[in-house]
Every structure is written in C-alpha cells, then in structure tokens.
Amino acid sequence: AVFDVKPRAGIIPANDFYLVLLKFRPTAARKYEYGLKCVINHEPDMAQTVTLIGEGAIPTVKVLQVEELRRGLSPFAPTPPLYMKPTCTGLVSSRAITLHNPVRIPIVFKVEVPARLANVFSVSPTMGLLRGNQDCALTVSFAPRAYVDYKLKLNIKVRALAGDPPDLRDARMFGEAVPAEFVHETSVNIIAPGSGAVLSFDPPLMDFGTLLVNTTEDIQFGLVNASDCDVQYEIHHLVRPEKREVSAMVVAGSWEAILTPPHPPTHC
C-alpha cells in the first residue's frame, strides 16, 4: 500500500494520547490523496477521518539554457546544442550552464566528461547537491589543442540522497542507508571551435629612410588580429646596427620582431 499505519488498533488511556506512525511509500511520480478513518470504541458513527496527502517524485535535472532553446520546438525535435566562443589554441575560454532541480526532493548530480576530451574540456564542480527547486551554476572550460571544431557530449547523472533505510528493529540499533543508484541521466551537446591566431603588421614594411646620425624618427604600426578570438601578444626586438631588413614571425601566439641581415657581413 502507498500509505500504512502502525499500530492499527490500541487503547488510549483517559486524558492521555497515543502515538501512531504513518508511512508513505509512493510507487509513481504523481500526487496521492487518501482518507484515513479511525473508528472509536467500535462505533462507526464516532469515526474520525483525516486526509492524507503525499506526492511521489523521481530525481531529475534540467539545463536551463537548453530548456530556453527548446521553447517553440516540436517535442520530437533533437536537443539543440550549446556553443562556446571560438578560442585560440593556447588560450582558455569558459561559459556557465545552470542546472535546475524541478522536483521538491533533494538530488545529487554528477557530471562526466569523456576521457578522450579530458585534456580539452573541464567542468567545475563535477558533483554536488541540489535541494528542491534549487539551481547550480557549472563552469565549462575549453582549451583547444588544435584548429578544429570540438564536439562535447556532457553527461549529467542524478540520484536521490540515499537508498532504502536499514532494517532496524530497535530504537537502540544503529544503521546507515545504502547509497542510492543513479536513476536519471541527461546530456548536453556543446560545440566549441578551436581557432588559430592570424596576426599581421600594418604596414608590413617600415622604412625609416636615411637619417642624420644621432637623430630619431618614429613610425607607428598596427597589429591586426584577423581571427575571431582574443589574442595576447608580446613584442621582442633585437637591434643590430649592421642589419637593416626586418622580418616577423609568430611564436605560440606572440609576435617577435627579428632583424635579419640581407647577406653575410664581409671582413676586410
């Protein structure tokens, strides 16, 4: 039975009370409502009735960003993916996703990242507790290793706080509930493109011309980032009086300006 009572019969002393234990064990995720009738001294006309109300729930979790994208879509439409901004190799970007517990019972969630993408994606926190109708923000970090589009399937499992209680026959006995099994799983598809830095000098050639000795000339130039991600750069220069031509190269996302000679120096 969904509702149970112990003991079902007894004697209440005069001007005293009697404790009765009510047990609720739902068998489905729905609302239950029953009437409990108590007959006094075997007189049906003296029966007292109390209403028992309970609701069964199954641990589940929702991702709010995905639920917003689902609005207006067919129930049979595939789950829309989430996107991360293009990120340059060597850099790290992140975005937040929000987990929501839509039921009134507390749940425990666990987030799993596929092993093959563990060095590219990370999630924090990977496990936690959500009380009824509570939210939790997860941070997904993305550090691309190559100039490719990464596709991540993030698995989120949920379970109840604890499983069945131990069989205690005496109030002096101690026991611990067995761990609950994961009963629900949802997945989030994340698309994250890895981007390469495309930097260039503007102008590509800077000619100071002929200057009088001990005089200076200033030339302004720009660094143009043609990629779709932010790039951190450093400029290093090496001055050698006998070398005039300037070439540039990108090393690990930073610029180096190196002065190279047009031909090997000659010695007299």
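Residues numbered from 1 in each chain as written. Predicted model: local features only at pLDDT ≥ 70, side-chain atom pairs only at ≥ 80, totals over all residues. Heavy atoms only, no water.

When strand S3 (residues 31-40) meets strand S4 (residues 43-55), the two strands line up antiparallel, connected through 9 bridges. Across the sheet, Gly35 pairs through a bridge with Thr51, a residue of S4. What sits between S3 and S4 in their antiparallel hairpin is a turn of 2 residues, with Asn41 showing a positive phi close to 55 degrees. (Pairing = 2+ DSSP bridges. Helix = DSSP H or I, 4+ residues; strand = E, 2+ residues; numbered from the N terminus.)

With 84% of its residues at a pLDDT of 70 or more, the protein has an overall mean of 83. Ranking the elements of the protein by mean pLDDT puts strand S19 (residues 254-260) last with 40 and strand S10 (residues 121-124) first with 96. (pLDDT = per-residue confidence, 0-100.)

Attention now goes to a nonpolar patch on the surface. A surface patch of nonpolar side chains, amounting to about 390 Å² of accessible area, comprises Ile12, Tyr18, Val20 and Leu22. As for its position among the elements, Leu22 is in strand S2 (residues 21-24). When its relative accessible area of 44% is taken as the criterion, Leu22 is described as partly exposed. (Patch = residues over 30% accessible without salt bridge, like charges linked within 9 Å, V, L, I, M, F, W, Y side chains within 5 Å. Areas by Shrake-Rupley, 256 points an atom, 1.4 Å probe, with all protein chains shown as cover. Salt bridge = Lys/Arg side-chain N within 4 Å of Asp/Glu carboxyl O. Buried < 20%, exposed > 50% of the residue type's maximum accessible area, 1.4 Å probe, protein only.)

Take the sheet that holds S10 next. One open sheet accounts for 4 strands, arranged S5-S8-S12-S10; its pairing is antiparallel. Edge strands, defined here as strands with exactly one partner in the open sheet, are strand S5 (62-63) and S10. With 4 bridges joining them, S10 and strand S12 (residues 135-142) adopt antiparallel strand pairing. Counted as the bridge partner of Val123 is Val140 from S12.

Before going further, it helps to examine the pattern of salt bridges. For the structure on display, the rule yields 5 salt bridges. Between Arg70 and Glu67 there is a salt bridge, and its shortest N-O distance comes to 3.2 Å. A residue pair is termed a helical-turn pair when its members lie 3 or 4 positions apart in one helix, as Arg70 and Glu67 do in helix H1 (residues 64-70) at 3 residues. In this structure Arg70 comes out as partly exposed when scored by relative accessible area, which is 37%. Classification of Glu67 as partly exposed rests on a relative accessible area of 25%. With its nearest N and O atoms 3.9 Å apart, the salt bridge here joins Lys110 to Glu112. Here Lys110 falls in the partly exposed class, since its relative accessible area comes to 30%.

Another point: the packing of aromatic side chains. Two aromatic rings are characterised by how far apart their centres lie and by the angle between their planes. Within the structure shown, the criterion is met by 7 aromatic pairs. Here the aromatic rings of Phe121 and Phe142 are separated by 5.1 Å at their centres, their planes lie at 20 degrees, and the arrangement is stacked. You can see Phe121 sitting in strand S10 and its partner Phe142 sitting in strand S12, a full 21 residues away along the chain. Using a relative accessible area of 0% as the deciding quantity, one classes Phe142 as buried. A connected cluster of aromatic rings, assembled from ring pairs, spans Phe3, Phe24, Tyr32 and Tyr34. Over the aromatic face of Phe182 sits the side chain of Arg159, whose NZ or CZ is 5.8 Å from the ring centroid. (Phe/Tyr/Trp six-rings, centres within 6.5 Å; stacked < 30°, edge-to-face > 60°. Lys NZ or Arg CZ within 6 Å of the ring centre and 35° of its normal.)

Here the residue pair Lys6 and Pro7 is connected by a cis peptide bond, since its omega of -15 degrees sits within 30 degrees of zero. Considering the arrangement of structural elements, one finds Pro7 in the loop between strand S1 (3-6) and S2. Put simply, Ser124 and Pro125 share a cis peptide bond, and its omega is -5 degrees. If you trace the backbone, Pro125 turns up in the loop between S10 and strand S11 (127-130). In this structure, Asn41 takes a positive phi of about 55 degrees despite not being glycine. Asn41 sits in the exposed class, given a relative accessible area of 66%.

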